[in-house]
Amino acid sequence: MNSFEGGALVTDDPRVAERARAMRNFGIGEDREVISSGTNAKMSEASAAMGLVSLERVDALIEQNTRNHRLYEEGLAGLPGISVRGQAPGERANHQYLVVEIDQAAAGVHADQVHAVLERHNVLARRYFHPCCHQLAPYSDRPETHAPLPLPRSEALAERVLALPTGEVIGEEEIDGVCRIIRWAVETGCADGAPSTTD
C-alpha cells in the first residue's frame, strides 16, 4: 500500500508510539514539552487520505501479490539457477516486491543479461540495491569512512537479484509472458533473437 510519500509507523508499544509522535513533531511530547530530538515529519492531509484509501484495499493487494508470487514460482520452477525469493519460516510477507535470485554459475547467464532481455521486451524489471550504497557517491568517495571493511556478501547478493513486476495491474497472462522471456534467456544463454510467445 502507499500514501504517496507519506508514511505510517504501527506499534503496540505505548512507549514507542509516544516517542514516535514526539519525533515527528520536533520532539515535542503530548504535554507540549520537548522530550527528544525530532523533525517536522507530519503526514500531509493528501498523503493521509491516500493512506486511508490504500488501507481499505490492503487485504486485496496482499492477496493479489501472494497470487502473483505463486504464479512466478510455478512459471520459473525447474529453471536452473533461478529462484523466487520467499519469506523466512515463521514470517508473513506482503510480497510487495517480487525478487528472483539468479545464480550465474547454474543459470549460465548474469542478472544483467536477463535484465537487458526483459527491457528489450518492455518488461519493467529493476536491479534493486545494485550497486550497493557503499559503491555509490558520496560513500564510495570515502571508503575508509563509510565502508572500511569489505562487504562481500552484500556485493554478491546485489549481483544476483532482480525485481520483477507485480501488483494489481499484473495478471496471469503478463506473468506467464515474463516467465517465458526469463526461461528463454536462460535456455539460450541470452542469444540474439526473441523468445517465442506461442510455445
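Residues numbered from 1 in each chain as written. Predicted model: local features only at pLDDT ≥ 70, side-chain atom pairs only at ≥ 80, totals over all residues. Heavy atoms only, no water.

## Structural notes on the pattern of salt bridges
- All chains considered together, the criterion is met by 11 salt bridges.
- Ionic pairing is found between glutamate 101 and arginine 85, a salt bridge with its closest N-O pair at 3.0 Å. Of the two residues, glutamate 101 sits in strand S2 (residues 98-102) while arginine 85 sits in the loop between strand S1 (82-84) and S2, which places them 16 residues apart along the sequence.
- Given the relative accessible area of 14%, glutamate 101 is considered buried.
- One connected set of salt bridges, linked through shared partners, spans Arg85, Glu101 and Arg160. (Salt bridge = Lys/Arg side-chain N within 4 Å of Asp/Glu carboxyl O. Helix = DSSP H or I, 4+ residues; strand = E, 2+ residues; numbered from the N terminus. Buried < 20%, exposed > 50% of the residue type's maximum accessible area, 1.4 Å probe, protein only.)

## Considering the sheet that holds S1
- The three strands lie next to each other as S1-S2-S3, forming an open sheet whose pairing is antiparallel. Each edge of the open sheet carries a strand with a single partner, namely S1 and strand S3 (161-164). Sheet twist, expressed as the mean angle between neighbouring strand axes with direction ignored, is 30°.
- In this structure, S1 lies alongside S2, joined through three bridges in antiparallel fashion. Its bridge partner being in S2, valine 84 is matched across the sheet by valine 100. (Pairing = 2+ DSSP bridges. Axes fitted to C-alpha atoms, helices over the stretch in contact; angles between N-to-C directions.)

## Brief notes about the nonpolar core
- Leu118 and Leu164 are the most contacted members of the largest nonpolar core, which totals 29 residues.
- Mapped onto this core, the elements with two or more residues apiece are helix H2 (45-76), S1, S2, helix H4 (111-120), S3 and helix H7 (172-188).
- Beyond its immediate sequence surroundings of up to four residues, leucine 118 is in contact with Val123, Ala125, Leu162, Leu164, Val178, Ile181 and Ile182. (Core = buried A, V, L, I, M, F, W, Y, C linked by side-chain atoms within 4.5 Å. Contact = heavy atoms within 4.5 Å.)

## What to know about the packing of H4 against H7
- Put simply, H4 and H7 touch, their axes get as near as 10 Å, and they point 135° apart. As far as their axial angle goes, H7 and H4 are oblique. For the pair H4 and H7, the sense of crossing is right-handed. Residue-level contacts link Val114, Val117 and Leu118 of H4 to Val178, Ile181, Ile182, Trp184 and Ala185 of H7. (Parallel < 35°, antiparallel > 145°, perpendicular 65-115°, else oblique. Left-handed = near helix turned anticlockwise from the far one by under 90°.)

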